[in-house]
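Structural characterization, general
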Amino acid sequence: DFWTYSCINCLRSLPHVEAWYARYHSAGFEVVGVHTPEFDFAHVTGNVEAAVSRLKVRYPVAMDNAYGTWDAWGNNSWPAEYLIDPTGHVRYGSVGEGDYGHTEAAIRALLIDNGAHRLPPTTSVPDRTPMDETTPESYLGYERLERYDGIPVTKNAAREYTPSSSLAASHLTYGGTWTVQSQDIVAGSHALIRFNVHASDVYLVLAGTGTVTATLDGKALASQQVSGVPALYTILSAAEPEHGVLQLDVSRGVKAYAFTFG
């Protein structure tokens, strides 16, 4: 299972992998997690260990910091699952979220091929894969910054930004003082992000220590207290898709990496 702990796609698929391991391990099913990092903080062993503990992952997790395993497999997605038989042949693969029923059916068939005679019932983990069209994943560092409206960013130096007065759909802008780095942006004084979003759920990878206060079209959302291991925070969780301008007021020193949506 290729994954990284700050990826919402991985976090939605992880309960399925954990459930398969719990259900079928005694019948001969093994799982190896391959943690291939997307951001710099996910190279740190302590951060990954803390995430594995918090997520209650019981199977071994290999740290693939140099992308050696990822590249050897020709993998290109988080998450991705591959089923390997006892002779080392890859018998099934699933890239991205979803496909859980087919993957579990393949697991059961391979266990029977391997001599399992009676298998327990199938698992019943809900599929949380989003079906509605949403704002696409959006990175904030200059390496992968897209759909940005505003003055050109200054790389790796603090600068005051004036937010754009209007935003097209799925576009974002900075306000206040930010240091824009390759993978992240670091808040200075009066730092804010405005983002014209369409989604039921909004997630943001954050690091550092401080507070992120959010509004959607002026309506207050829950504030986030940022501390500890860099992680994915839930900015918005709604029953139905919401559309509007999300504003985040970010306290000095907090790092923001990327938005994802559901």
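Residues numbered from 1 in each chain as written. Predicted model: local features only at pLDDT ≥ 70, side-chain atom pairs only at ≥ 80, totals over all residues. Heavy atoms only, no water.

**Examining the overall build of the chain**
In plain terms, the rule: Numbering goes from the N terminus for both helices and strands, where a helix is a DSSP run of H or I of at least four residues and a strand is a run of E of at least two. Restricting the calculation to C-alpha atoms gives the radius of gyration, and the globule rule supplies 2.2 Å times the number of residues raised to the power 0.38. Here the term buried applies to any residue with accessible area under 20% of the maximum for its type, exposed to any over 50%, and partly exposed to those in between, with areas from a 1.4 Å probe on protein chains only.
Within the chain one finds four helices and 15 strands. In terms of C-alpha radius of gyration, the chain reaches 20 Å, essentially the compact-globule figure of 18 Å for 262 residues. Considering only C-alpha atoms, the chain reaches an extent of 65 × 40 × 30 Å along its principal axes. Looking at the 262 residues of the chain, the share that counts as buried comes to 48%.

**Observations concerning the environment of Tyr142**
Defined as follows: Any two residues having at least one pair of non-hydrogen atoms within 4.5 Å are treated as being in contact. In protein, a polar contact means a hydrogen-donor-capable atom and an acceptor-capable atom, both N or O and within 3.5 Å, with residues adjacent in sequence counting only if both atoms are side-chain atoms; elsewhere, any N or O pair within 3.5 Å suffices.
For Tyr142, the position within the fold is in the loop between strand S6 (138–139) and strand S7 (158–161). By relative accessible area, Tyr142 is classed as partly exposed at 24%. Taking the C-alpha atoms as reference, Tyr142 lies 6.5 Å from Val180; in sequence the two are 38 residues apart. Residues within four places of Tyr142 in sequence aside, it is in contact with Val153, Lys155, Asn156, Val180, Gln181 and Ser182. A distance of 3.2 Å separates polar atoms of two side chains, one belonging to Tyr142 and the other to Asn156.

**A short note on a nonpolar patch on the surface**
Rule in force here: Patch membership requires over 30% relative accessible area and the absence of a salt bridge. Like charges are linked within 9 Å, and nonpolar side chains (Val, Leu, Ile, Met, Phe, Trp, Tyr) within 5 Å. Only the protein chains shown count as covering a residue, and every accessible area follows the Shrake-Rupley method with a 1.4 Å probe. Should a side-chain nitrogen of Lys or Arg be within 4 Å of a carboxyl oxygen of Asp or Glu, the pair is scored as a salt bridge.
Judged by side-chain polarity, Trp73, Ile84 and Val90 come together as a nonpolar surface patch covering roughly 270 Å² of accessible area. Checked against the element boundaries, Ile84 lands in strand S4 (residues 80–84). A residue is classified by how much of its surface remains accessible, and Ile84, at 47% relative accessible area, is partly exposed.

**Describing unusual backbone geometry**
The residue after Trp78, namely Pro79, is reached through a cis peptide bond having omega -10°. The residue Tyr67 is not glycine, and still its phi comes out positive at about 65°. Mapping Tyr67 onto the fold places it in the loop between strand S3 (61–63) and helix H3 (68–72). Unlike most non-glycine residues, Asp217 shows phi in positive territory, near 50°. Residue classification places Asp217 among the exposed positions, given a relative accessible area of 54%.

**Quick notes on the side chain of Thr260**
Positionally, Thr260 belongs in strand S15 (residues 255–261). Not counting residues up to four positions away in its chain, the partners in contact with Thr260 are Ile8, Glu137, Asp201, Val202, Tyr203 and Leu232.

**Here's the deal with the packing of aromatic side chains**
Heads up, the rule is: The criterion for an aromatic pair is that two Phe, Tyr or Trp rings (for Trp, the six-membered ring) have centres within 6.5 Å, with stacked assigned to planes under 30 degrees apart, edge-to-face to planes over 60 apart and tilted to the rest.
Scanning the entire structure with this criterion turns up 19 aromatic pairs. Geometrically, the ring pair formed by Phe2 and Tyr82 is edge-to-face, given 6.0 Å between the ring centres and 85° between the ring planes. With Phe2 in strand S1 (residues 2–3) and Tyr82 in strand S4, the pair connects residues that are 80 residues apart, well separated along the chain. Residue class for Phe2 comes out buried when judged on its relative accessible area of 3%. Taking 5.0 Å as the distance between ring centres and 80° as the angle between the ring planes, the aromatic pair formed by Phe195 and Phe259 counts as edge-to-face. Residue Phe195 is located in strand S10 (residues 191–207), and its partner Phe259 is located in strand S15; the two are separated by 64 residues in the primary sequence. One exposure class covers both Phe195 and Phe259, and it is buried. An aromatic cluster is defined as three or more aromatic residues linked by ring pairs; in this entry it consists of Phe2, Tyr67, Trp70, Trp73, Trp78 and Tyr82.

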